[in-house]
Amino acid sequence: MKTMTAVEAKNAFGRFLETVHREPVAVTKNNREIAAMFSMEDIHFLASAFLAEPLKEDVAAGRINVIEAMMQQINLNKRLEANRQAIAAGRGVLADEQYFDSLRKRALTRTS
């Protein structure tokens, strides 16, 4: 991965875009990596390996763009991991018949 400073990227934006078209570029400021720039071709390749099927279908149908889909998948993955940790710590809910009965009763009291 090539690296450019933020000043280099700003002052030679055309060269920066040409480089991104060939390979990802890390952008640094004060000797710290602050961003990365990828071509849309790279993003679509990453998305094909990362997105769940429903999000892939939404992108293919034009309902959302690939960047939005990637962000939704990241958020979903965070929630899944948090829930896995809660279950491992004994804070999960057993989804048995009693649980679903309680949900039905709650739903019925809201509609009546």
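Scroll up a little and you will see the structure.
One structure accompanies this document, and this report is about it.

Analysis parameters
Residues numbered from 1 in each chain as written. Predicted model: local features only at pLDDT ≥ 70, side-chain atom pairs only at ≥ 80, totals over all residues. Heavy atoms only, no water. Axes fitted to C-alpha atoms, helices over the stretch in contact; angles between N-to-C directions. Helix = DSSP H or I, 4+ residues; strand = E, 2+ residues; numbered from the N terminus. Left-handed = near helix turned anticlockwise from the far one by under 90°. Contact = heavy atoms within 4.5 Å. Nonpolar A, V, L, I, M, F, W, Y, C, P; charged D, E, K, R; others polar. Core = buried A, V, L, I, M, F, W, Y, C linked by side-chain atoms within 4.5 Å. Buried < 20%, exposed > 50% of the residue type's maximum accessible area, 1.4 Å probe, protein only.

### Things to note about the packing of helix H3 (residues 40-50) against helix H5 (residues 66-88)
Thought 1: The interhelical angle for the contact between H3 and H5, taken along N-to-C directions, is 35°, at an axis separation of 10 Å. Crossing hand, H3 versus H5: left-handed. On H5, the residues that touch Met40, Ile43, His44, Leu46, Ala47 and Phe50 of H3 are Val66, Ile67, Met70, Gln73, Ile74 and Asn77.
Thought 2: Residue classes in the contact of H3 with H5 are distributed as nine nonpolar, three polar and no charged.

### Quick word on the nonpolar core
Thought 1: Ranked by size, the top nonpolar core spans eight residues in total: Ile43, Ala47, Leu51, Leu55, Ile64, Val66, Ala69 and Met70.
Thought 2: Counting residues per element, the ones that place at least two in this core are H3 and H5.
Thought 3: Examining the composition of this core, we find that three residues originate from one element, H5, more than from any other.
Thought 4: Formed by six residues, the second largest nonpolar core is a distinct cluster that contains Met4, Val20, Val25 and Val27.

### Examining the environment of Arg79
Thought 1: By the secondary structure assignment, Arg79 is in helix H5.
Thought 2: A C-alpha to C-alpha distance of 26 Å links Arg79 and Met37, two positions 42 residues apart in sequence.

### Quick notes on unusual backbone geometry
Thought 1: One non-glycine residue, Asn30, lies in the positive phi region at around 55°.
Thought 2: Note that Asn30 resides in the loop between strand E2 (25-29) and strand E3 (32-37).
Thought 3: Its relative accessible area of 69% is what places Asn30 among the exposed residues.
Thought 4: Non-glycine residue Asn31 carries a positive phi angle of around 60°.
Thought 5: Along the chain, Asn31 falls in the loop between E2 and E3.
Thought 6: Judged by its relative accessible area of 80%, Asn31 falls in the exposed class.

Shape descriptors only; they carry no functional weight alone.
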